[in-house]
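# Results of the structural survey
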Amino acid sequence: MEPGTSSGPAAEGRTEPGSPSESAEAEHGAEETETSSGSSGPTTNHRTAPEAPGTPSGPAAQDHSEPGSTSAAPTPAPSAPARLNGEPKRDGTPTADDHTHGHDDRTASHPNLPYAHTDPNAQPHTDPRIAKGRPPQRPKEPGGGLLMGRPFGVPVYVAPSWFLVAALITWVFGGQLDRVLPELGAARYLVALFFAVAFYASVLVHELAHTVAALRFKLPVRRIQLQFFGGVSEIEKEAETPGREFVLAFVGPLLSLILSGIFYLAMLPVEPGTVPGVLLAGLMVSNLIVAAFNLLPGLPLDGGRMLRAVVWKITGRPMSGTIAAAWVGRALAVSVLIGLPLLTQTGALGTNTEDISGMDTVTDALLAAILAAIIWTGAGNSLRMARLREHLPELRARNLTRRAVPVETSTPLSEALRRANAAGARALVVVDADGQPLSLVREAAIVGVPEHRRPWVVVSGLAQDLTDGMRVSAELAGEDLLDALRATPATEYLVVEETGEIYGVLSAADVERAFVKAMARPN
């Protein structure tokens, strides 16, 4: 969307006079696709389905004044002490280093985007205000439940759904204790609650194994969350090699197998018919089940990631591994949906068929449906995440940047839009008397000002002050670009060259559209 145009359905086929939207249409025409979907960097979740992509842009910046506020500022002469890249000179000639020399092929396909007027003798300098793809510091905790601690610097959360599954385990295991240790009476539920907590402590060890391996491979881990059906380690980057991917997935089931062996050894000297003996036996079996279930070769389980690593190694393409493991995961989901109730009904799982009631049948079918849905959804999400990672490098700040013109703080909006329209620009940067950028005029604020009021509204009242995170490098691309945008949510960003020269303005909406367009492209 261009400054000076409306964004809603009512604005279709209509252009505000004095707006730079005409040049915008010629600039991007058939390449832009309107959508309301969002985008985000990928996150690798172990043992549960990954989260759906969000948007790279945060909430709109606060307006510093009402769009319709009046200003008595007279219309100044069209003077601008600083020229941004690509703005014409006053005599109508192009600026130095016109759009024909010294540019790489990344900008050659976008002749209407701004070009940097870099002095070939200038030395790059480091500006700490410019986001250059460094891992961003999160402004606040990721959340996700009750914070339990920070082992290895990674926050561990207990989701509210855990208390539901803890109550369910306490009830089910308490009923089993009533048959094995009837003398416990009501105290059996305290023993069962202890078992539920100990079991999820084992799940936490499983997830910590993934976390330690990820940190060892320099992969950031957002959080660990204990949920209804186990736990999840949210690893924010993908392993660089299939070998590391295999190790990263295998360490979790390996730790569960080790825990099962430890509980077995601890159980040997203990009397079988006692509370410690029953607890140790239950923890041994439960960890063995966790390991076996996670070794099943289908995404989103650990075994699916191991299969993905193997296919990746053979074919040399991570996407091929993801497709293979995801479809195996979907087949596994169907098998669980149909097979688990059948195995229970036939007694193949060690149950007595004479003791199975109608309620048990319904419970088994419901449990199978939930597990199958989780596996199927996780497999589909893994495919989408893989497609995201494959297309992310196509998102380049340089190619998505809008041409911008500088305007002083007292410039009326109508005059600013006239200059932008004349220069073929789609963004406005408010500068001081020395030409240094102060703020960015917000596109949404321009739309809110009626055309007849624009000569009396100054641009400074519609602008958002520049913060350090709103200056991004023109070289950012892919996950680094999305990380920079997520670290400082805003609607517009000032794009600068490595030398510090202003390149233009990046709109979060443009990134969003490019992301959705890339995701829709077939692999």
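Look a little higher up for the structure.
Residues numbered from 1 in each chain as written. Predicted model: local features only at pLDDT ≥ 70, side-chain atom pairs only at ≥ 80, totals over all residues. Heavy atoms only, no water.

### Let's talk about the pairing of strand β8 (residues 427-431)
Rules: The classification of residues rests on relative accessible area computed with a 1.4 Å probe and restricted to protein chains. Under 20% of the type maximum is buried, over 50% is exposed, and intermediate values are partly exposed. Only DSSP runs of H or I covering at least 4 residues are called helices, and only runs of E covering at least 2 are called strands; the numbering of each starts at the N terminus. Strand pairing is assigned whenever DSSP detects at least two bridges linking the two strands. With strands facing away from the observer, any crossover in which the path from the first strand over the helix to the second runs clockwise is taken as right-handed.
In terms of burial, β8 is a largely internal element, 5 of the 5 residues being buried. Neither face of β8 is open: one carries A427, V429 and V431, the other L428 and V430, and all of them are buried. Pairing geometry for strand β7 (residues 404-408) and β8, over 5 bridges, is parallel. What sits directly across from V405, in β8, is L428. The β-α-β motif built from β7, the intervening helix α11 (residues 413-423) and the parallel element β8 has right-handed crossover chirality. When β8 meets strand β9 (residues 437-441), the two strands line up antiparallel, connected through 3 bridges. Residue pairing for β9: V431 is matched across the bridge by P437. Taking the residues that link successive antiparallel strands as the turn, the β8-β9 hairpin has 5 residues, and the phi of G435 there is positive, at about 85°.

### Here we look at the packing of aromatic side chains
As a reminder of what qualifies: Each pair of aromatic rings taken from Phe, Tyr and Trp, with Trp reduced to its six-membered ring, is defined by centres within 6.5 Å and is described as stacked if the planes are under 30 degrees apart, edge-to-face if over 60, and tilted in the remaining cases. Lysine and arginine charges are scored as sitting over a ring when NZ or CZ, respectively, is within 6 Å of the ring centre and within 35 degrees of the ring normal.
This structure, assessed with the given rule, holds 6 aromatic pairs. Taking 4.3 Å as the distance between ring centres and 15° as the angle between the ring planes, the aromatic pair formed by F173 and F195 counts as stacked. Here F173, found in helix α3 (residues 160-180), pairs with F195, found in helix α4 (residues 188-216); they are 22 residues apart in sequence, far enough to count as distant. Assessed through its relative accessible area of 10%, F173 is described here as buried. For the ring pair F195 and F199, a centre distance of 6.4 Å and an interplane angle of 15° mean the geometry is stacked. Highlighted residues: F195 and F199, both in helix α4, separated by 4 residues, approximately one helical turn. Among the aromatic residues, those joined into a cluster by ring pairs are W162, F163, F173, F195, F199 and Y200. Above the plane of the ring of W327 lies R330, whose end atom (NZ or CZ) is 4.6 Å from the centre. In this structure, R398 is placed above the aromatic ring of Y503, and the distance from its NZ or CZ to the ring centre is 5.0 Å.

### Structural notes on unusual backbone geometry
Most peptide bonds adopt trans geometry, and most residues besides glycine take a negative phi value. Omega for the peptide link from L299 to P300 comes to 10°, which places this bond in the cis form. Note that P300 resides in the loop between α6 (275-294) and α7 (302-315). For F152, which is not a glycine, the phi torsion comes out positive at approximately 60°. One can find F152 in the loop between β3 (146-149) and β4 (156-158). One non-glycine residue, K218, lies in the positive phi region at around 65°. Judged by its relative accessible area of 73%, K218 is exposed.

### Considering the pattern of salt bridges
Heads up, the condition is: The term salt bridge refers to a side-chain nitrogen of Lys or Arg lying within 4 Å of a carboxyl oxygen of Asp or Glu.
Applying the stated criterion across every chain, the model contains 15 salt bridges. With a shortest N-O distance of 2.4 Å, R513 and D510 are connected by a salt bridge. Here R513 and its partner D510 are both found in helix α14 (residues 508-520), 3 residues apart, which amounts to about one turn of the helix. Considered together, R513 and D510 belong to a single accessibility category, that of buried residues. Connected via shared salt-bridge partners are K237, E479, D483 and R486.

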